[in-house]
Number of protein chains: 2
Amino acid sequence: MENQDVDRTLSLLWRRVLGVPQGSRGPKQRFSVDEVIRAGIAVADEEGLPAFSMRKVADRLGLKLMSIYTYVPSRDELIGLMVDEVMGEPGLPPHEGDWRERLTAVARQMWDEFHRHPWLLQVEQSRPWIGPNGSDRYEWQLAAIEGAGFTDLEMDQTITLIGDFTAASARADVTARRTAEQSGISDAEWWAVNAPVLERLMPLDAYPISGRVGTTAGEEYNAVRDSERSFRFGLDRILDGLDQLLTSRPADG
Amino acid sequence: MENQDVDRTLSLLWRRVLGVPQGSRGPKQRFSVDEVIRAGIAVADEEGLPAFSMRKVADRLGLKLMSIYTYVPSRDELIGLMVDEVMGEPGLPPHEGDWRERLTAVARQMWDEFHRHPWLLQVEQSRPWIGPNGSDRYEWQLAAIEGAGFTDLEMDQTITLIGDFTAASARADVTARRTAEQSGISDAEWWAVNAPVLERLMPLDAYPISGRVGTTAGEEYNAVRDSERSFRFGLDRILDGLDQLLTSRPADG
DNA sequence: CTTAACTCCGTATGCCACACGGTATTTCGG
DNA sequence: CCGAAATACCGTGTGGCATACGGAGTTAAG
């Protein structure tokens, strides 16, 4: 049973390749690992990661708490499996257009995903789990800029850059939304209540630039912050910077 | 006592301005809010946010658990205060050089801070706390690019971009370090153990580009990933992109 | 038909945040 | 100088969590 030699995390992630190690002796499991993972995703989608608990996953399946542990060794492990599962959802559409358009599509896919499953941003990866869907996606992301003129190293750094930026940008957006939703207080309302206090605490002359910039941004956005627009701004700058890198050096085949 | 009207969060954050609301009737508090905050920072520095608990803060001060709640209304609130406290640590050195150098300094300050207090990356801000140190820093960050030619909106977006990217980049670095430390297994060791398995799971021909890029990166970095270098790469691209934005339009004013 | 292997689950341990109420201490009003 | 009010500190309790452990029932291999 070479499965036993494999790190348990890996063997679960790659279960489609390795097969689920099912001893044939005892009773069959009522569910599959995939059903547990999907139940987990549903819980996390609805309640977020902090409220995600093994009990809720069990309840959703009609199992008792401890039975979950016969499918999955720990909460962290389950979350890791959920992450890779989710990475397989959008598929990997064929690349079209030039590298700028392709990278935009790569970023947009991640952006959308973070909004579909906001708990992804709350996952604390200890060691990055190398699962099939994650691996496929990384390959697909690299393919988006293959042949554009980057060195191998730069290709990795570029994808990292796009990914890091998108994650951070989505994080800001998602937490803002979550806050508004949970507290029932919109940004505008919060400011209406607290602005008088803040104006006293923060006299304009102590914060000349932020005062001016904040006012402008507020008027322009019609909100404190327009995350979608900040995202596009940042992405455009990054793409321009990458373009610079490519055009600044002699193009050879 | 107009303090009472103020959102409790704000009145604690701005306690130096508003004064700590100390009724004079009963016994004096054995410690100050600042001491509680510093104790909290010490705990978080040593053990990280997941292991950060009110009990440990209390133990460190020689108080019993529930006494902490006479200083600070909740765990979340305390963390918010810790964040603003930490933002005051590095001071705000005068800006020097052109806007590129200044922005680099801004990014570097955040990068260093995330490494000094890695738990900052684990904080889930619900509503961004507007505290004195955070406000001062934002003003200072904007001052770094004041007059460079950005519109007000772009100034805000630029600082957001730099901040988002730095946070994400630091996050990758910090979690990698933490994992290596906690598991006692270095990246190299992890790969040595798991590489044979992964090679079987991920045949090179299924992952042509990642295989090539991963090999190159591994050789070049002498590690799986060199975060410091990725950070500089990303930052340079972003700065180039911002430069592009400025030079692509007629300079006036 | 025995027995190993397995699933499911009840219970227990040791964490956690926090509500509530009690007691001791301090100071104010008279 | 005294009583009342305000306050700090803390003991206890509630309800949550992950997960270790062991037991009862189920299945199929030998």
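Above this note sits the structure.
K.L.:
What am I meant to see in the overall build of chain A here?
P.N.:
Broken down by element type, chain A carries 11 helices and zero strands. A compact globule built from 253 residues should have a C-alpha radius of gyration of about 18 Å, whereas chain A, at 23 Å, is more than 25% larger. By its C-alpha atoms, chain A is 75 × 60 × 25 Å across when sized along the principal axes. Counting only residues that meet the buried cut, chain A has 48% of its 253 residues in that class. When contacts within chain A are restricted to residue pairs at least 6 apart in sequence, those whose partners lie at least 24 apart make up 71%. As displayed, chain A offers around 12,500 Å² of accessible surface, 52% of which is attributable to carbon and sulfur atoms.

K.L.:
What exactly am I supposed to notice about the protein's contact with DNA strand D here?
P.N.:
Lining the immediate environment of DNA strand D, one finds 26 residues, of which R25 of chain A together with P27, R30, K64 and S67 of chain B sit closest. Backbone atoms, meaning sugar and phosphate, make up 68% of the atoms of DNA strand D lying within 4 Å of the protein. Between DNA strand D and M54 of chain A there is a distance of 3.1 Å, counted from a phosphate oxygen to a backbone nitrogen or oxygen. R30 of chain B is positioned with one of its backbone polar atoms (N or O) 2.8 Å from a phosphate oxygen of DNA strand D. Residues of the surface near DNA strand D, tallied by class, amount to 10 nonpolar, 10 polar and six charged.

K.L.:
Can you walk me through the environment of G62 of chain B in this structure?
P.N.:
Residue placement: G62 of chain B occurs in the loop between helix 4 (54–61) and helix 5 (75–87). Judged by its relative accessible area of 49%, G62 of chain B falls in the partly exposed class.

K.L.:
It is not clear to me how the pattern of salt bridges should be interpreted in this structure. Could you clarify?
P.N.:
Proximity of charged atoms lets side chains of opposite charge pair with each other. Inspection of the entire model under this criterion finds 32 salt bridges over all chains. Here R137 of chain A and E113 of chain A are joined by a salt bridge, their closest N and O atoms 2.7 Å apart. Of this pair, R137 of chain A sits in helix 7 (residues 132–145) while E113 of chain A sits in helix 6 (residues 99–116), placing them 24 residues apart in sequence. A relative accessible area of 4% places E113 of chain A in the buried class. Put simply, E228 of chain B and R232 of chain B hold a salt bridge, and the shortest N to O gap is 3.4 Å.

K.L.:
Looking at this structure, I do not really get the relation of the copies chain A and chain B. What am I missing?
P.N.:
Related by rotation about an axis and a shift along that axis, the two copies of the chain form a pair. After a rotation of 180° and a shift along the axis of 0.0 Å, chain A superposes on chain B with an RMSD of 0.1 Å. With respect to symmetry, the two chain copies, as superposed, fit the operation of a two-fold axis. Residue G241 of chain A of chain A places its C-alpha closer to the rotation axis than any other residue of that unit, at 1.9 Å. Of all interface residues in chain A, 100% are interface residues in chain B too; the two copies therefore contact each other through one and the same surface.

K.L.:
Would you take a moment to explain the protein's contact with DNA strand C for this structure?
P.N.:
Around DNA strand C, 26 residues are found, and the nearest of them are R30, K64 and S67 of chain A together with R25 and R75 of chain B. Of all atoms in DNA strand C that approach within 4 Å of the protein, 68% are sugar or phosphate atoms. Between R30 of chain A and DNA strand C, the recorded distance is 2.9 Å, taken from a backbone N or O atom to a phosphate oxygen. Side-chain polar atom of S53 of chain B to a phosphate oxygen of DNA strand C: 3.1 Å apart, as the coordinates give it. Looking at the surface near DNA strand C, its residues break down into 10 nonpolar, nine polar and seven charged.

K.L.:
Would you take a moment to explain the side chain of E139 of chain A for this structure?
P.N.:
Mapped onto the secondary structure, E139 of chain A falls in helix 7. If sequence neighbours within four positions are ignored, E139 of chain A has contacts with A206, Y207, P208, I209 and S210 of chain B.

K.L.:
How should the nonpolar core be read in this particular structure?
P.N.:
Side chains of nonpolar character tend, in soluble globular proteins, to be buried together. By size, the foremost hydrophobic cluster in this structure holds 133 residues, and its most contacted members are F52, L78 and W119 of chain A together with W14, F52, L78 and W119 of chain B. Ignoring sequence-local partners within four residues, the contact set of W119 of chain A consists of I41, A44, D45, L49, M82, V83 and V86 of chain A.

K.L.:
What exactly am I supposed to notice about the packing of helix 7 of chain A against helix 8 (residues 152–183) of chain A here?
P.N.:
Helices that pack against each other are described as a pair by the angle of their axes relative to one another and the distance between those axes. All names here are of chain A. Where helix 7 meets helix 8, the closest approach of the two axes is 10 Å, and the angle between their N-to-C directions is 110°. By the angle between their axes, helix 7 is roughly perpendicular relative to helix 8. Crossing handedness for the pair helix 7 and helix 8: right-handed. Facing Y138, Q141, L142 and I145 of helix 7, the residues of helix 8 in contact are M155, D156, T158 and I159.

K.L.:
Any chance you could explain the interface of chain A and chain B here in plain terms?
P.N.:
Often the size quoted for an interface is simply the accessible area lost on bringing the parts together. Contact residues are listed per partner, giving 72 residues for chain A and 73 residues for chain B. For the pair chain A and chain B, the interface holds 13 residue pairs in polar contact (both at pLDDT 80 or more). When contributions to the side of chain A that touches chain B are tallied by element, the ones reaching two or more residues are helix 2 (15–18), helix 7, helix 8, helix 9 (187–201), helix 10 (208–221) and helix 11 (227–247) of chain A. Per-element tally for the side of chain A that touches chain B: the top contributor is helix 8 of chain A, with 18 residues. A class-by-class count of the residues in the side of chain A that touches chain B yields 32 nonpolar, 19 polar and 21 charged.

K.L.:
Is there a simple way to explain the packing of aromatic side chains in this structure?
P.N.:
Remark: the centre distance and the inter-plane angle together describe each pair of aromatic rings, the angle taken between the planes. A full pass over the atoms with the stated rule returns eight aromatic pairs over all chains. Taking the centre distance of 4.2 Å and the plane angle of 10° together, the rings of W111 of chain B and F231 of chain B count as stacked. Separated by 120 residues along the polypeptide, W111 of chain B in helix 6 (residues 99–116) and F231 of chain B in helix 11 (residues 227–247) bring together distant segments of the chain. Three or more aromatic residues joined by ring pairs form one cluster here, namely W111, F165 and F231 of chain A. A cation over a ring is seen here: R237 of chain B above F233 of chain B, with NZ or CZ 4.8 Å from the ring centre.

Quick notes on the rules
- Residues numbered from 1 in each chain as written.
- Chains lettered and ligands numbered in written order.
- Predicted model: local features only at pLDDT ≥ 70, side-chain atom pairs only at ≥ 80, totals over all residues.
- Heavy atoms only, no water.
- Helix = DSSP H or I, 4+ residues; strand = E, 2+ residues; numbered from the N terminus.
- Rg over C-alpha atoms; globule rule 2.2 N^0.38 Å.
- Buried < 20%, exposed > 50% of the residue type's maximum accessible area, 1.4 Å probe, protein only.
- Contact = heavy atoms within 4.5 Å.
- Areas by Shrake-Rupley, 256 points an atom, 1.4 Å probe, with all protein chains shown as cover.
- Near = heavy atom within 4 Å.
- Polar contact = N/O pair within 3.5 Å; in protein donor to acceptor, adjacent residues only side chain to side chain.
- Nonpolar A, V, L, I, M, F, W, Y, C, P; charged D, E, K, R; others polar.
- Salt bridge = Lys/Arg side-chain N within 4 Å of Asp/Glu carboxyl O.
- Least-squares fit on C-alpha atoms with pLDDT ≥ 70 in both.
- Core = buried A, V, L, I, M, F, W, Y, C linked by side-chain atoms within 4.5 Å.
- Axes fitted to C-alpha atoms, helices over the stretch in contact; angles between N-to-C directions.
- Parallel < 35°, antiparallel > 145°, perpendicular 65-115°, else oblique.
- Left-handed = near helix turned anticlockwise from the far one by under 90°.
- Phe/Tyr/Trp six-rings, centres within 6.5 Å; stacked < 30°, edge-to-face > 60°.
- Lys NZ or Arg CZ within 6 Å of the ring centre and 35° of its normal.

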